[in-house]
Amino acid sequence: MPGADRRSVGPAGRAGPLARTYRRFGEADAGGVSPLYGCVAVALSECDEALRAIETAPARRRHPAAILAALHDLALAGRAPALAAAYDAADADLAAVAAIDTLLHRTDAVVAAATRRPVRANESGRHAVLYPLIAEAAHRVGAPAVGLIDVGRSAGLNLSVDRVGIRYGTGLALGDPASPVQMSSSVVGDRPVPARAMPEVVARIGVDLEPLDVTDADDVRWLRACLPPDQPERIAGLDAETALAATAPPLLLRGDAVELLPEVVARVPANALPVVTTTWALSRFPLESRLRFLHRLDHAAAGRPVAWVSAEGVGVAPAVPTLGDRRASGHSILGLAVFDGTALRAEAVGRCWSQGRLLAWLAGDRPDR
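Section: the nonpolar core
Ranked by size, the top nonpolar core spans 39 residues in total, and within it Ile134, Val146, Leu148, Tyr168, Val275 and Val309 carry the most contacts. Looking at this core element by element, the count peaks at eight residues for helix α9 (residues 127-141). Of all hydrophobic cores here, the second largest spans 38 residues; its members include Leu71, Ala86, Leu103 and Val110.

This is the structure we're talking about:
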């Protein structure tokens, strides 16, 4: 690692648990996705002074993803120019040196950034699975309009689902073909994704413990900082989605989504179907809270139908069938549940991989029947 202060590297750091965490992150977690972050994480694992600086952060904020996001945030804010230059040049060796230097000389700022907000590295790109799920829910209930309630995605980017353009590998196009946000998804299996359009969206509400405002420059910068700087396509996609959302900002509510559900559902106009969406969010909840989530949805549906659509790992979404799939199988289940004050109707309507880049629709009759 050219230019590194070799006096800061020692066997004690390499042997400690924090050093092992950073080395494992660099070699396994980041290595195949972000070579730049892989190099930086390994360099941090070999620097005793850097590890001691990281240890000044609260234990739950010492994870490599949090510290790397904090360093990136400082670079984007113009507070770490050498690191920003190394990132812009995609020079992994220079980035490793600059990251250590920034961490050692701006420890308090790095720790403050890592502590202030959780890492949000997967906020965007879910529209290809959400659009047909929401349209299907509205179709089954016969709803002329929907009110969207997104749980656990702090910036509420899912709430722009009707305003993006989506093209599937079968040639089907949904959404707005003129939107600045365009997405694609491949389809496998012999059942087509439904071609029906989503009805009018009359409410957009996000609920999260720590929501991020797409009209706030600091919050948007943090979302960008949570992505590795050597992933320009993901960054460009996030930038496009946040810009689109900022043109019609959703209502963001801070609090425990499980407890707030009935109150939030009541905010949706009476002539619209409340549709609660969860996308890879429920895994952060303990099982008890997930079961209570179902109970609160049922309570919210005492006087009107409420739909819940989900894209979650196998066995994560309570009441949604697993289709006999194994947990940790590498794919997710697309679920649709309708609460109407009587019996809960929950169905697995599809599977997806890579957060919707590949999906298999399972609901409905086969084309040849």
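The structure having been displayed, the exposition proceeds.
A short note on the pairing of strand β5 (residues 200-208)
As paired strands, strand β1 (residues 145-151) and β5 are joined by seven bridges and run parallel to one another. In the strand pairing of β5, Ile149 is matched with Ile205. Pairing geometry for β5 and strand β6 (residues 251-254), over four bridges, is parallel. Residue Ile205 lies in a different strand from β6, and its bridge partner there is Leu251.

Observations concerning the environment of Gly350
The residue Gly350 is located in strand β10 (residues 345-353) in this model. Once the C-alpha coordinates of Gly350 and Pro269 are considered, the two residues, 81 residues apart in sequence, prove to be 29 Å apart. Ignoring anything within four residues of it in the chain, the contact list for Gly350 reads Ser332, Ile333, Leu334, Ala360, Trp361 and Leu362.

Quick look at the pattern of salt bridges
Summed over all chains, the structure comprises 17 salt bridges. Glu123 serves as the salt-bridge partner of Arg153, at 3.7 Å between the closest nitrogen and oxygen. With Arg153 in the loop between β1 and β2 (165-168) and Glu123 in the loop between α8 (107-116) and α9, this residue pair connects regions lying 30 residues apart in the sequence. Taken individually, Arg153 and Glu123 each receive the classification buried, so the pair is uniform in this respect. Note that Glu347 and Arg140 form a salt bridge whose closest N and O atoms lie 2.7 Å from each other. Here Arg140 lies in helix α9 and Glu347 lies in strand β10, a separation of 207 residues in the sequence. The exposure class assigned to Arg140 is partly exposed, which follows from its relative accessible area of 35%.

Calculation criteria
- Counting restarts for each chain, with residues numbered from 1 along the sequence as it is written.
- The model is predicted, so local features are restricted to residues of pLDDT at least 70 and side-chain atom pairs to those at 80 or more, both for listing and for counting; the totals for chains, interfaces and linings are taken over all residues.
- Neither water nor hydrogens contribute to the side-chain values; these are computed over all heavy atoms in the structure.
- Here the nonpolar core consists of buried residues drawn from Ala, Val, Leu, Ile, Met, Phe, Trp, Tyr and Cys, with membership extended through side-chain atoms lying within 4.5 Å.
- Residue burial is assigned from relative accessible area. The probe radius is 1.4 Å, only protein chains are included, and a residue is buried under 20% of its type maximum, exposed over 50%, and partly exposed in between.
- Under the DSSP-based scheme used, a helix requires at least four consecutive residues in state H or I and a strand at least two consecutive residues in state E, with every element numbered from the N terminus.
- Following DSSP output, two strands are said to pair if at least two bridges run between them.
- A contact between two residues is defined here by any heavy atoms of the two lying within 4.5 Å.
- Definition used for salt bridges: Asp or Glu carboxyl oxygen within 4 Å of a side-chain nitrogen of Lys or Arg.

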